[in-house]
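Observations on the three-dimensional arrangement
Residues per chain, in single letters:
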Amino acid sequence: MKEGYKLIYKRPKTLLDTRMHYCPGCFHSTIHKLLMEVIDEMGIQEKTVGICPVGCSVFAYDYMDVDMQEAAHGRAAAIATAIKRMLPDRIVFSYQGDGDLAAIGTAETIHACNRGENFSFIFINNGIYGMTGGQMAPTTLEGQKTTTSPYGRDPEKAGPPIKMSEIVSQFERVAYVERVSCNTPANSRKAKRAIRRSFEYQIQGLGTTFVEVASNCPSGWKCTPEESLNWLKERVFPYYPLGVFKEPPKK
Amino acid sequence: MGEIKFMKGNEALAEAAIRAGLQAYFGYPITPQSEVIEYLAKEEPKHTYTLLQAESEVSAINMIYGGAGAGARVMTTTSSPGFSLMQEGVSYIACAEIPCLLVNVVRGGPGLGTIQPSQGDYFQAVKGGGHGDYHMIVLGPNSVQEMVDHTFLGFELADKYRCPALILSDGAIGQMMEKVVLPEPVPYKPNKPWATTGKPPDRERNILTSLYIQSEEMEKKNLILQEKYKKIVKNEVRFEEYQTDDAEIVIAAFGLTSRISKKVVDLGREEGIKIGLFRPISLWPFPMNQIAEIASRDCVKFFISVEMNAGQMVEDVRLAVSGKKPVYFYGRMGGIIPTPAEIFNAIKEHIKNQE
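This one's a predicted model, so the numbers in the text were calculated from it and none came from an experiment. (Residues numbered from 1 in each chain as written. Chains lettered and ligands numbered in written order. Predicted model: local features only at pLDDT ≥ 70, side-chain atom pairs only at ≥ 80, totals over all residues.)

With that settled, consider the overall build of chain B. Of regular secondary structure, chain B possesses 12 helices and 15 strands. Over its C-alpha trace chain B gives a radius of gyration of 21 Å, about what one expects of a compact globule, namely 20 Å for 355 residues. Structurally, chain B occupies a C-alpha span of about 75 × 50 × 40 Å along its principal axes. (Helix = DSSP H or I, 4+ residues; strand = E, 2+ residues; numbered from the N terminus. Rg over C-alpha atoms; globule rule 2.2 N^0.38 Å.)

Dropping the structure here:
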């Protein structure tokens, strides 16, 4: 540090110093950073095992300096279940997109939540299949155009967008559910706090914790990063409201 | 010394798994192997293993991936339709090089099929089943005792080569009761520095993956796997021979049909017909060289592969024999177990036709 300079911000040490493959404006990189900041601040790098999904964050282990397993599409919750049961004193998180968690892996998600598996879901809901080139997701909004809903999602055909936070908060053994976003610095701070809470409740053994990030996809949405922020505010948040859906009773 | 018991095949396998140091079982009930999870559920309070009834076989095989990836000795058991559901996971496990023991107590197919015994999953077991170039070590027990022995062996080989090992049993071996000698429990001390247990400061992070998006990297991974498979082929071929020394007719059979065929050898010998039995115990790696050697003997007139399917292992026998001698097939399907008499008759037909 040069004399006269004060360090006010740096990359978390658990976030590897490498070039990311994410598109400009995508929240994945922000969420990776927040997640690794939480791990650093809690001092749990040595005790953390992550699972990455199939989707844009399939390479998350290239960026996170923790032990990780790469799951088959949709199966992260099954893998997390087994890791946590084998290593109950570790902190286990699954990092999954909407296709992974809410379409192909719905059964694994629902049953892990129903059993109250004591790990944390970090659920990135950007309403589209980014990695495969912008197809419709279970969370694509009504009327939203994608390559497989070129005239807009028709709920008569595809059903309405699925609300996972609302669904999983119904389960008795799910301890904490919050939907957050990263569209503003304030919301990013809230997202980080939610991730931290989910890990803390996991350490306390309270049950499944679930943080949904209402995320973006400028490339898939065919817009600029800035326009994607507007779309979030105008279209996504009214349907997917931010906030706490379930939390442990206050002592 | 072990403990002598009279047990059902499925239960003996479950007990053997406990004694071999099982740390977790993940599975989904399906006939004719549900006794495995039932036995483990009943015994659970006496032991420290984790038992979880998954929501599906798809989930179970991925729990195997996760649990074994965390360094534990894990097993799942299923039957044919369930094993089909697991194939994607098996391919991932093979590529990520995660050791585990899988058991398929085969029933008649295709489709929902029947709950009666079959060997119709031979191709699925030894040729892949899942996508991509991979192998499992496949063991074919033909007795309740071997359900026990192969459980120990399967765990051991899986760890040794960091690969999935499969016991390819069938509904008859799983359901029948026989005398077994159960070995004393062995303490399991895993040495798995690759496992994802949390990254201490003194090592790089461990990553278990089957994703190599660059072609060069994916080919490199494949070459590593193929090197490993070569070692397995070299070291782990297992087989049994019965009266093959002077045999003119060689029955090739695995699992249940190898036991029935042993009787056929005796029936033949009583009538002065020199029949022998060659029984592959490891179905992959397949005893190619041993069969090739027998095929080159002058006294051998033909081979006949006896299976409970439409003719699957017979293709490997033909590959091994490589045109040196005729290779015939006799099989029953749909869960029907062939009798020694009908196999013997089929052999006599071939003798008549050859004369």
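Here the narrative resumes, following the displayed structure.
Moving on: the packing of helix 1 (residues 9-19) of chain B against helix 2 (residues 35-43) of chain B. All names here are of chain B. Viewed as axis vectors pointing N to C, helix 1 and helix 2 meet at an angle of 50°, and their least axial separation amounts to 8 Å. Judged by the inter-axis angle, helix 1 sits oblique to helix 2. Here the hand of the crossing between helix 1 and helix 2 comes out right-handed. Contact residues: helix 1 offers Asn 10, Glu 11, Leu 13, Ala 14, Glu 15 and Ile 18, while helix 2 offers Glu 35, Val 36, Tyr 39, Leu 40 and Glu 43. Residues belonging to the contact of helix 1 with helix 2 are distributed by class as follows: six nonpolar, one polar and four charged. (Axes fitted to C-alpha atoms, helices over the stretch in contact; angles between N-to-C directions. Parallel < 35°, antiparallel > 145°, perpendicular 65-115°, else oblique. Left-handed = near helix turned anticlockwise from the far one by under 90°. Contact = placed C-beta atoms within 7 Å. Nonpolar A, V, L, I, M, F, W, Y, C, P; charged D, E, K, R; others polar.)

Turning next to the interface of chain A and chain B. Contacts between chain A and chain B engage 29 residues on the former and 32 residues on the latter. Among the secondary structure elements, those contributing two or more residues to the side of chain A that touches chain B are strand 1 (48-52), strand 2 (67-70), helix 2 (76-86) and helix 4 (106-115) of chain A. No other element matches helix 2 of chain A, which puts eight residues into the side of chain A that touches chain B. Here the side of chain A that touches chain B is built from residues that sort into 15 nonpolar, five polar and nine charged.

In this section: helix 3 (residues 57-69) of chain B. Residue and element names in this part refer to chain B. Spanning 13 residues, helix 3 covers 18 Å between terminal C-alpha atoms, matching the ideal 18 Å at 1.5 Å per step. With respect to burial, helix 3 is a largely interior element, 13 of its 13 residues being buried. Just downstream of helix 3, Gly 71 is the residue with a positive phi angle, here 100°. (Expected span 1.5 Å × (residues − 1). Buried ≥ 20, exposed ≤ 12 C-beta atoms within 10 Å, placed from the backbone.)

Moving on, we get to the sheet that holds strand 7 (residues 164-170) of chain B. Residues and elements named next belong to chain B. Spatially, seven strands are ordered 3-2-4-5-7-6-13 in an open sheet, and the strand pairing comes out mixed. Single-partner strands in this sheet number two, and they are strand 3 (50-53) and strand 13 (282-284). Direction aside, neighbouring strands of the sheet carry axes that sit 20° apart on average. Seen against the sheet, helix 3 touches strand 2 (24-27), strand 3, strand 4 (74-78) and strand 5 (100-106) and runs at an angle of roughly 165° to strand 4. (Pairing = 2+ DSSP bridges.)

This part is about the nonpolar core. Ranked by internal contacts, the top residues of the largest apolar core, which has 183 residues, are Val 213 of chain A together with Phe 26, Ile 64, Cys 100, Val 138 and Ile 251 of chain B. When residues are assigned to domains, this core turns out to be shared by domain 1 (3-235) and domain 2 (242-354) of chain B, each giving three or more. Each residue touching Cys 100 of chain B, except ones within four places of it in the same chain, is listed here: Ile 64, Ala 68, Val 74, Met 75, Ile 93, Ala 158 and Pro 164 of chain B. (Core = buried A, V, L, I, M, F, W, Y, C linked by C-beta atoms within 7 Å. Domains from an automatic or database assignment.)

On to the sheet that holds strand 11 (residues 249-252) of chain B. Residue and element names in this part refer to chain B. With respect to topology, five strands assemble into an open sheet ordered 10-12-11-14-15, the strand pairing being mixed. Each edge of the sheet is formed by a strand with only one pairing partner; in this case those strands are strand 10 (239-242) and strand 15 (327-331). The mean angle between the axes of side-by-side strands here comes to 20°, regardless of whether they run parallel or antiparallel. With four bridges connecting them, strand 10 and strand 12 (residues 275-280) associate as antiparallel partners.

Residues and elements named next belong to chain B. Note that the residue after Thr 31, namely Pro 32, is joined by a cis bond; omega there is 5°. Within the element layout of this structure, Pro 32 appears in the loop between strand 2 and helix 2. Positive phi, normally seen in glycine, also occurs at Arg 162, with a value near 50°. Arg 162 sits in the partly exposed class, given 17 other C-beta atoms within 10 Å.

It is worth spelling out the environment of Leu 141 of chain A at this point. Residues and elements named next belong to chain A. With respect to the helices and strands, the residue Leu 141 is situated in the loop between strand 6 (135-136) and helix 5 (155-158). Sequence separation of Leu 141 and Gly 152 is 11 residues, and the distance between their C-alpha atoms is 8.5 Å. Residue contacts for Leu 141: discarding those within four places in its chain leaves Gly 127, Arg 153, Pro 161, Arg 235, Val 236 and Tyr 239.

Below, the discussion takes up the domain arrangement of chain B. Reports of interface size often rely on the accessible area that becomes lost once the parts have come together. Residues and elements named next belong to chain B. As assigned here, chain B comprises domain 1 (3-235) and domain 2 (242-354). Placing a centre on the C-alpha atoms of domain 1 and another on those of domain 2 gives a separation of 29 Å. Listed per partner, the contact involves 27 residues of domain 1 and 22 residues of domain 2. Counting residues per element, the ones that place at least two in the side of domain 1 that touches domain 2 are helix 5 (122-127), strand 6 (137-139), strand 7, helix 7 (171-175) and helix 8 (215-235).

This part takes up the packing of helix 3 of chain B against helix 4 (residues 80-96) of chain B. To characterise two packed helices, one gives the angle between the axes of the helices and the distance between these axes. All names here are of chain B. Closest axis-to-axis distance for the helix 3/helix 4 pair is 8 Å, and the angle between their directions is 30°. On the basis of the axis angle, helix 3 is roughly parallel to helix 4. Crossing handedness for the pair helix 3 and helix 4: right-handed. Contact with helix 3, carried on its side by Glu 57, Val 58, Ile 61, Asn 62, Ile 64 and Tyr 65, involves Gly 82, Leu 85, Met 86, Gly 89, Val 90, Tyr 92 and Ile 93 of helix 4 and no other residues of that element.

What follows deals with helix 9 (residues 255-270) of chain B. Residues and elements named next belong to chain B. In this model helix 9 runs 24 Å from its N-terminal to its C-terminal C-alpha over 16 residues, within 8% of the 22 Å that 1.5 Å per residue would give. Listing the buried residues of helix 9 in full gives Gly 255, Leu 256, Thr 257, Ser 258, Ile 260, Ser 261, Lys 262, Val 264, Val 265 and Gly 268. Taken from the residues just after helix 9, Gly 272 is the one with a positive phi, measuring 80°.

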